[in-house]
Amino acid sequence: MTTSDLPAEGQPDVSTEGTEAPFDDVITLSSSTGEDGVVTVTVVGEVDTFTAPVLRSTLDTQLEQQPPELIIDLSGVQFLGSAGLAVLVETQKSARSREVGLQLIATTRAVTRPLEVTGLIDLFTIADSPTR
């Protein structure tokens, strides 16, 4: 190793080899469509400023298909930040304008508490499990 291989003094090593974006492993999204056409988007992880755009994109894509109902399963969410709340509100508005039913599955305090504190819980149909 030569000195040219080392980061300049006082500078961080900015090598990106073998690294991933910081939110790659913070959220996992999966979608499934039932025989009745109802789409379920399952969210696992943290919904924050970094991951909310990914969630928004997925939900928008599903709404464009105009299913009879969209279920967002948040039972695997450990953190729901303000950006995530904004995505849920935007999705509710978009679903309503397209006449698509929207249901949230919220089983953890990490999800129900932010919805309650902000008063947004009344905007949504909340279930403990899918009502299919």
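The structure displayed is predicted, hence computed values, not measured ones.

Would you mind going over the overall build of the protein with me for this structure?
Scanning the protein for helices and strands turns up three helices and five strands. Listing every helix and strand of the protein by position from the N terminus yields β-β-α-β-α-β-α-β. Out of the 132 residues belonging to the protein, those deemed buried represent 38%.

When you look at the pattern of salt bridges in this model, what are you seeing that I'm missing?
Where charged atoms from two side chains of opposite charge approach closely, those side chains can pair. As enumerated under the stated definition, the model contains two salt bridges in all. Its salt-bridge partner being Asp 60, residue Arg 56 comes within 2.9 Å of it at the nearest N-O pair. Placement of the pair is Arg 56 and Asp 60 together in helix H1 (residues 52-64), with a separation of four residues, close to one helical turn. A relative accessible area of 22% places Arg 56 in the partly exposed class. For Glu 90, the salt bridge is made with Arg 56, and the minimal N-O distance between the two is 2.2 Å. Linking Glu 90 in helix H2 (residues 82-97) with Arg 56 in helix H1, this pair joins segments that are 34 residues apart in sequence. When its relative accessible area of 36% is taken as the criterion, Glu 90 is described as partly exposed. Salt bridges sharing partners connect three or more residues here, namely Arg 56, Asp 60 and Glu 90.

Before we go on, may I ask you to explain the pairing of strand E2 (residues 39-47) in this structure?
Both faces of the sheet carry side chains from a regular strand, because those side chains alternate between them. The pairing of strand E1 (residues 27-33) with E2 spans seven bridges and is classified as antiparallel. Paired with Ser 32 across the two strands is Thr 40, which belongs to E2. Taking the residues that link successive antiparallel strands as the turn, the E1-E2 hairpin has five residues, and the phi of Gly 37 there is positive, at about 90 degrees. Bridge analysis of E2 against strand E3 (residues 69-80) gives eight bridges, and the strand direction is parallel. For Val 47, the partnering residue across the bridge sits in E3 and is Leu 80.

Hey, could you run me through the confidence of the model for the protein in this one?
Detailed reading of the predicted model is not advised wherever pLDDT is low. In the predicted model, the protein carries a mean pLDDT of 85, and 79% of its residues have values of at least 70. For the protein, strand E5 (residues 125-127) is the element with the lowest average pLDDT, namely 94, and H2 is the one with the highest, namely 98. With pLDDT under 50 throughout, residues 1-23 is counted as low confidence; its partners more than four residues away or in other chains account for five contacts.

Would you mind going over the nonpolar core with me for this structure?
Nonpolar side chains in soluble globular proteins tend to end up buried together. The biggest cluster of nonpolar side chains holds 28 residues, and the ones touching the most others in it are Val 43, Leu 70 and Ile 72. Where this core is concerned, the elements lending two or more residues are E2, H1, E3, H2, strand E4 (101-105) and helix H3 (109-118). Take this core: its biggest share by element is six residues, from H2. Here Ile 72 is in contact with Val 41, Val 43, Leu 59, Leu 88, Thr 91, Leu 102, Gln 103, Leu 104 and Ile 105, once residues within four sequence places are set aside.

What counts and what doesn't
Residues numbered from 1 in each chain as written. Predicted model: local features only at pLDDT ≥ 70, side-chain atom pairs only at ≥ 80, totals over all residues. Heavy atoms only, no water. Helix = DSSP H or I, 4+ residues; strand = E, 2+ residues; numbered from the N terminus. Buried < 20%, exposed > 50% of the residue type's maximum accessible area, 1.4 Å probe, protein only. Salt bridge = Lys/Arg side-chain N within 4 Å of Asp/Glu carboxyl O. Pairing = 2+ DSSP bridges. pLDDT = per-residue confidence, 0-100. Contact = heavy atoms within 4.5 Å. Core = buried A, V, L, I, M, F, W, Y, C linked by side-chain atoms within 4.5 Å.

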